[in-house]
Amino acid sequence: MPALTTRRPNKDESDASVTLDEVSKEAQSLIDKVVKDVGKSSATKQLIIGGASGWVTGFLMMKIGKMAAVIGTYPVFLKRRGRVAYLVIFY
């Protein structure tokens, strides 16, 4: 499988391309730095970062859950409307 590349603007504006593997390695090293820094910081900072990350995760899961509920109940809604004759569905 060929490596995916993206164009990264350079100071010289030369066409430098970066592979997806390089980007993932950079992101992983950034995550490792943040996790190590948080582990060495005070308990207060750890609580703030943990609470904020928990809030963001909960917010995202709430949005995903609402979307899944709408997508999951839509076929049931259509079927019900078809039985009650509010909506005529030709299969």
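Residues numbered from 1 in each chain as written. Predicted model: local features only at pLDDT ≥ 70, side-chain atom pairs only at ≥ 80, totals over all residues. Heavy atoms only, no water.

The test is simple: UniProt positions are given in the numbering used here, feature names are shortened, and annotations may be inferred rather than shown by experiment.
UniProt's Sequence similarities (unreviewed entry) comment on the protein is quoted here verbatim: "Belongs to the FUN14 family." Here the protein is described in UniProt, under the heading Subcellular location (unreviewed entry), as follows: "Mitochondrion outer membrane".

### Points about the overall build of the protein
For the record, the criterion: Numbered from the N terminus, helices here are DSSP runs of H or I no shorter than four residues, and strands are runs of E no shorter than two. To be clear on the numbers: accessible area is Shrake-Rupley with a 1.4 Å probe, and residue cover counts the displayed protein chains and nothing else.
Tallying secondary structure elements over the protein gives two helices and two strands in all. Listing the helices and strands of the protein from first to last along the sequence gives β-β-α-α. Only carbon and sulfur atoms are counted for the fraction: they give 66% of the accessible area of the protein, which is about 8,300 Å².

### So, helix α2 (residues 43-84)
For the record, the criterion: Multiplying one less than the number of residues by 1.5 Å gives the expected span of a helix. The term bend refers to the angle at a residue between two fitted axes, each drawn through seven residues, those ending there and those starting there.
Between its first and last C-alpha, α2 extends 59 Å over 42 residues, near the 62 Å set by a 1.5 Å rise per residue. If you look at α2, its biggest bend is around 30 degrees, right at T73, and the proline P75 turns up within four residues after that.

### Quick notes on the environment of V38
Definition in use: The buried label goes to any residue with under 20% of its type's maximum accessible area, the exposed label to any with over 50%, and the partly exposed label to all in between, with areas taken from a 1.4 Å probe on protein chains only. A contact between two residues is defined here by any heavy atoms of the two lying within 4.5 Å.
Mapped onto the elements, V38 comes out in helix α1 (residues 20-40). A relative accessible area of 18% means that V38 is categorised as buried. Placed 11 residues apart in sequence, V38 and I49 show a C-alpha to C-alpha distance of 8.1 Å. Those residues in contact with V38, other than ones at most four positions away along the chain, are Q46 and I49.

### As for a nonpolar patch on the surface
To keep it simple, the criterion reads: Surface patches are defined over residues having more than 30% relative accessible area and no salt bridge, joining like charges when they lie within 9 Å and nonpolar side chains (Val, Leu, Ile, Met, Phe, Trp, Tyr) when within 5 Å. Salt bridges are defined as contacts in which a side-chain nitrogen from Lys or Arg sits within 4 Å of a carboxyl oxygen from Asp or Glu.
Taken together, W55, V56, F59, L60, M61, M62, I64, M67 and I71 make up a surface patch of nonpolar side chains, about 920 Å² in accessible area. For I71, the position within the fold is in helix α2. Residue I71 is classed as exposed on the basis of its relative accessible area, which comes to 57%.

### A closer look at the confidence of the model for the protein
Selection criterion: Values of pLDDT, which run from 0 to 100, indicate the predictor's confidence residue by residue.
With 76% of its residues at a pLDDT of 70 or more, the protein shows a mean pLDDT of 78. By mean pLDDT, strand β1 (residues 5-8) is the weakest element of the protein at 57, and α2 is the strongest at 87.

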